[in-house]
Every structure is written in structure tokens, then in C-alpha cells.
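Observations on the three-dimensional arrangement
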Amino acid sequence: MPAPLPTPRGALTEALSDCFRGRGVTRSVEADSHDDAALALWMLYELHHRGFDEVDDALEWDPALLAVRADLEHDLEERWRDRARHLAQPAQDRVADGEDFAELFFDLCAADTGGESLVRFVQREAEEEQVLALLRQRSIYHVREQDSAMWALPRLDDETKAHLVAIAADEYGNGHPDHLHAELWRRGMAACGLDTGYAAYVDEALPEVLEQNNLMSMLGLHRRLVPAALGHLAAFEVCSSVPSKRMVRGLERLGMPEPMIAYYREHMVADAVHEQVAVRRMLGGWVAREPLVADDALWGAAVCLAAEQETATAVLSSVRDGAQLEHGAVA
Amino acid sequence: MSTGETTTREVLLCPDGPVLIPGPVTVEDEQGVKHHSERPVVAVCRCGASSVPPWCDGSHKQVRRRPATAVPSPRHGRELEDY
């Protein structure tokens, strides 16, 4: 199922919408806000994922749109090379000192990223409406869970490829479409009374959420960035099992529907496997064979951690403001 | 297709973590209860802290993780309080 065309958020997304509907080109239009730039890049990447309703699929390789994408990506990569450096650098130094890769990778993922934890909020204090708002933000990613990382697959050596496929097979249901993680997510969303459509909540998505998704698409699509794509994937897995347990406890505390709890329960167990396979076999093995991939793999991991922290901070602020507005309206 | 050779299955003991075993597999726990998994690889808990035994749920990171640097992160102390 393709995505719905999102509502424009500024001059560039307005121009892109026109272009996607077959009206004009966008070459000279500048984004007029971070929100506009993030949505624009999300729209351009979506042409590579599933495309949009009633938009020509050939636009995926339209040279003018690719040029717009390249400008936005250049800016995105520059910003995140900078933003994730303070996390990546200490780990990269430890690689240079010959320390054990798996050990330093797990340490990197345990680093304090300096913000409040979204899952602790859900575990202990969130109200149901706030959790539903969080699920709507998360749905931008979960309906295409793992997809961006699969662009890396044909670019890998055989051994790395085999380990990535072992992880992906589990994510994609081990041959059972019913067990696909994205399908478990849709069942959870339906049980919560939420829209299960692909990218159904894109108009609500915070710019930080769009950017987090854009980063995954960027790392997956560029062969040059494949080590970072796998570093990102491994960090994502490492940062999933324990937070999923907190989500389970929070959803149970609120008495939320079982299918959504089941989604997070599955991730407690699945990602406890994936993190070990990803760090020790997939990345650890690759780094041992090709030491030069280590630095970008660690940068990709740092991007994952820093982007999740930015998303968490933004989502927390948004759901708390939402609750305040609601309570204010009642008062 | 049989090659006539015995297949050796590789099991990985993860430092400070679970044991990785190729699946599908049935694990019989200390009470004699059998737990089946169809996953290509399973992670069996070794730290005793999992909330979903016999499978690993990442809890070893909260109870067993050795600090890699001389100064332990206070984060680990906080994590312990929750469990």
C-alpha cells in the first residue's frame, strides 16, 4: 500500500506536492524551515520505499528531484556527522587502541545521551492518551520496520550478508507473513483503535521523527554509508529489548490492548537475540575482516542513539503539552 | 538432502550475556517444562534475571554488566533500583 501525500509544511513541500501531482519542477525552491526540509526529504525517500497514491512511480529517478534530495541529504549528513561525534569518538578511539569491538559497542549503546527516557515515562506515569500519541509517532517507522537496512544487503560480503539475513528473517516473520513485525504492529494499532494504514499519521509526525526515519533511509540507500547503516541497525537492536520491557510494563499498567503489549513482548525476546547476532557476528566479524569499516559503523550507532534521544525529547514535550491543553480545556 | 555427514551445531556463549543456540529448538527448564522456539537463533538466559525465562530479555545488561572503564556509570546503579 502506498503512502498518502502529506500536507505541505512550507515552500519546498508545497512545490514537491505540486511536482508529485504532475505540476512543475522544484529545482529553485528552498526549504523555509527545518520542518519543511525534514518532510521534503521524507517525501523524496518515500518515492524509494512505496511511493504515493496517484503519483507517478517514475519520479523516483527524476534527475531534478534527485538533485533536491542530494542537497537535503548533504545537509542532513553534515549535521549528524557533527551531532553524533561526541558519542562516536570515544568508541572510535577504543577501536584504535585495539579493544574488543563487541565490548566497546555495548558500552557505546549504554552511554548516557543526556535526555529523559521516553520508555520510563510510559512505564511509570504516562496516561493512555499520551501513549496513543506516542504510538502514532512511532507508527511512521514501525509500518516499515527494518526496510531501510535491507538496501544494504546486496552491497555486503557473504558472511556479513548471512548474519544480516538471519536478523531480517526474524523481523520479517521467518516465512510466516502473520509473524512479520510490521504485521504485529498493525494488529496492535488496530486493537488500540488507531489507523493501521501505511504512513497514516505522517501529518502528525514531529520533524524529529521524520528526521530519524530520513537518517535510516539515507544510511540504507548510499553504498558509501553501508557500514553506518549496519552500525545503526545494531545499535537499534541493542537499545530495544530492555526498553521494550518498560513499554510492556507501562501498557500493562494502563490496561491497554493485548495485541499492542504482544508487539513489545515479542521485541523483548527477538531483539535480545538480534543484538548479540548484530554486534558479535554481523558487525564484529566484519570489522575483524575489514577494520576500516569500524569508524563509520560506530558513527552509525551514535546517530541511532542521538536521533532517538532527540525524538524522545520532542515526543515527551509534545505529549505533555497535549495533556496540558486537554486538562486546560476541561478546567 | 543428506550428505551423510554429522552436522555440528555451533553455540555461542556471549560474554556477560546469553548463550546463542541455532533454532528451531526446544529448551527444557529446571522444572521440566518444555519451551519451543521457531526462531533461526535463540538467546537463552544465563544471568537468571530474565522476565521471560528461559529466553534472554536483555536483563543481564542491568544486573551483570561490568563497567568497562575505571569509573562505573551511575546509570547502572539506577537501573538496578527498578528490578
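Residues numbered from 1 in each chain as written. Chains lettered and ligands numbered in written order. Predicted model: local features only at pLDDT ≥ 70, side-chain atom pairs only at ≥ 80, totals over all residues. Heavy atoms only, no water.

Before going further, it helps to spend a moment on the overall build of chain A. Across its full length, chain A holds 15 helices and zero strands. Taken over the C-alpha atoms alone, chain A extends approximately 55 × 50 × 40 Å along its principal axes. A burial count over chain A gives 57% of its 331 residues as buried. For chain A, long-range pairs separated by at least 24 residues make up 79% of all intrachain contacts whose partners lie at least 6 apart in sequence. In the form shown here, chain A has an accessible surface area of approximately 13,300 Å², with 51% of it arising from carbon and sulfur atoms. Computing the positive centroid from 31 side-chain charges and the negative centroid from 58, chain A places the two 3 Å apart. (Helix = DSSP H or I, 4+ residues; strand = E, 2+ residues; numbered from the N terminus. Buried < 20%, exposed > 50% of the residue type's maximum accessible area, 1.4 Å probe, protein only. Contact = heavy atoms within 4.5 Å. Areas by Shrake-Rupley, 256 points an atom, 1.4 Å probe, with all protein chains shown as cover. Lys, Arg positive; Asp, Glu negative; His and termini not counted. Charge placed at Lys NZ, Arg CZ, Asp CG, Glu CD.)

Time to look at the interface of chain A and chain B. Size of an interface, as often reported, equals the accessible area lost when the parts are brought together. With 29 residues of chain A at the contact, the number on the chain B side is 29 residues. Regarding the contact of chain A and chain B, the summed buried area is about 2,500 Å², with carbon and sulfur atoms giving 48% of it. Viewed at the interface, chain B and chain A are joined by four salt bridges. Residue B:Asp57 pairs with A:Lys245 through a salt bridge whose shortest N-O separation is 3.5 Å. Looking at the side of chain A that touches chain B, the elements with two or more residues in it are helix 5 (101-109), helix 6 (118-124), helix 9 (158-171), helix 13 (241-253) and helix 14 (258-289) of chain A. By residue number, the principal contributor to the side of chain A that touches chain B is helix 14 of chain A, which donates eleven residues. For the side of chain A that touches chain B, the per-class residue count stands at twelve nonpolar, four polar and 13 charged. (Buried area = accessible area lost by both parts, 1.4 Å probe. Salt bridge = Lys/Arg side-chain N within 4 Å of Asp/Glu carboxyl O. Nonpolar A, V, L, I, M, F, W, Y, C, P; charged D, E, K, R; others polar.)

Take the domain arrangement of chain A next. All names here are of chain A. What the domain assignment lists for chain A is domain 1 (11-80) and domain 2 (84-330). Computed over C-alpha atoms, the centres of domain 1 and domain 2 are 25 Å apart. Taken together, the contacts link 17 residues of domain 1 with 27 residues of domain 2. Between domain 1 and domain 2 the total buried area reaches about 2,100 Å² when both faces are included, carbon and sulfur atoms providing 61% of it. The largest per-residue losses of area from domain 1 upon contact with domain 2 belong to Trp42, His49 and Trp80, which jointly make up 41% of the total buried on that side. Counting the contacts that link domain 1 with domain 2 gives four salt bridges. For Arg224, the salt bridge is made with Glu77, and the minimal N-O distance between the two is 2.9 Å. The interface formed by domain 1 and domain 2 contains eleven residue pairs in polar contact (both at pLDDT 80 or more). If you list the elements that add at least two residues to the side of domain 1 that touches domain 2, you get helix 2 (34-49) and helix 3 (63-83). (Domains from an automatic or database assignment. Polar contact = N/O pair within 3.5 Å; in protein donor to acceptor, adjacent residues only side chain to side chain.)

Further remarks concern the nonpolar core. All names here are of chain A. With 125 residues, the main nonpolar core has Phe20, Trp42, Phe105, Leu135, Met260, Tyr264 and Leu283 as its most contacted residues. A per-element tally of this core places helix 15 (residues 294-330) first, with 16 residues. Domain assignment of the residues forming this core places at least three in each of domain 1 (11-80) and domain 2 (84-330). Not counting the four nearest positions on each side in its chain, Phe20 is found in contact with Leu5, Met43, Leu44, Leu47, Phe52, Glu54, Val55, Leu59 and Leu65. (Core = buried A, V, L, I, M, F, W, Y, C linked by side-chain atoms within 4.5 Å.)

Moving on, we come to the packing of aromatic side chains. Residues and elements named next belong to chain A. All chains considered together, the criterion is met by six aromatic pairs over all chains. Aromatic side chains Phe20 and Phe52 sit 5.5 Å apart centroid to centroid with 45° between the ring planes, which places their arrangement in the tilted category. Note that Phe20 is positioned in helix 1 (residues 11-20) and Phe52 in the loop between helix 2 and helix 3, a separation of 32 residues in sequence. Take Phe20 and Phe52: they sit in the same class, and that class is buried. (Phe/Tyr/Trp six-rings, centres within 6.5 Å; stacked < 30°, edge-to-face > 60°.)

Before going further, it helps to examine the environment of A:Leu305. Residues and elements named next belong to chain A. Following the sequence through the fold, Leu305 ends up in helix 15. Looking at Leu305, the relative accessible area reads 7%, which means it is buried. Counting along the chain gives 192 residues from Leu305 to Thr113, while the straight-line C-alpha distance between them is 7.1 Å. Excluding anything up to four places from it in sequence, Leu305 contacts Leu87, Leu108, Cys109, Thr113 and Cys239.

Here the focus is the confidence of the model for chain B. Counting all residues, the mean pLDDT for chain B is 79, and 70% of those residues have values of 70 or more. Segment residues 68-83 of chain B: pLDDT under 50, and 21 contacts once partners within four positions in sequence are set aside and those in other chains are kept. (pLDDT = per-residue confidence, 0-100.)

What follows concerns the sheet that holds strand 1 (residues 12-13) of chain B. To summarise the sheet geometry, strands pair through backbone hydrogen bonds and adopt either a parallel or an antiparallel arrangement. Read across the open sheet, the three strands follow the order 1-2-5 (chain B); overall the sheet is antiparallel. Single-partner strands in this sheet number two, and they are strand 1 and strand 5 (41-44) of chain B. Pairing geometry for strand 2 (residues 19-22) of chain B and strand 5 of chain B, over four bridges, is antiparallel. Among the inter-strand pairings, B:Leu20 is bridged to a residue of strand 5 of chain B, identified as B:Ala43. In the packing of helix 14 of chain A onto the sheet, the strands contacted are strand 1, strand 2 and strand 5 of chain B, and the crossing angle to strand 5 of chain B comes to about 105°. (Pairing = 2+ DSSP bridges. Axes fitted to C-alpha atoms, helices over the stretch in contact; angles between N-to-C directions.)

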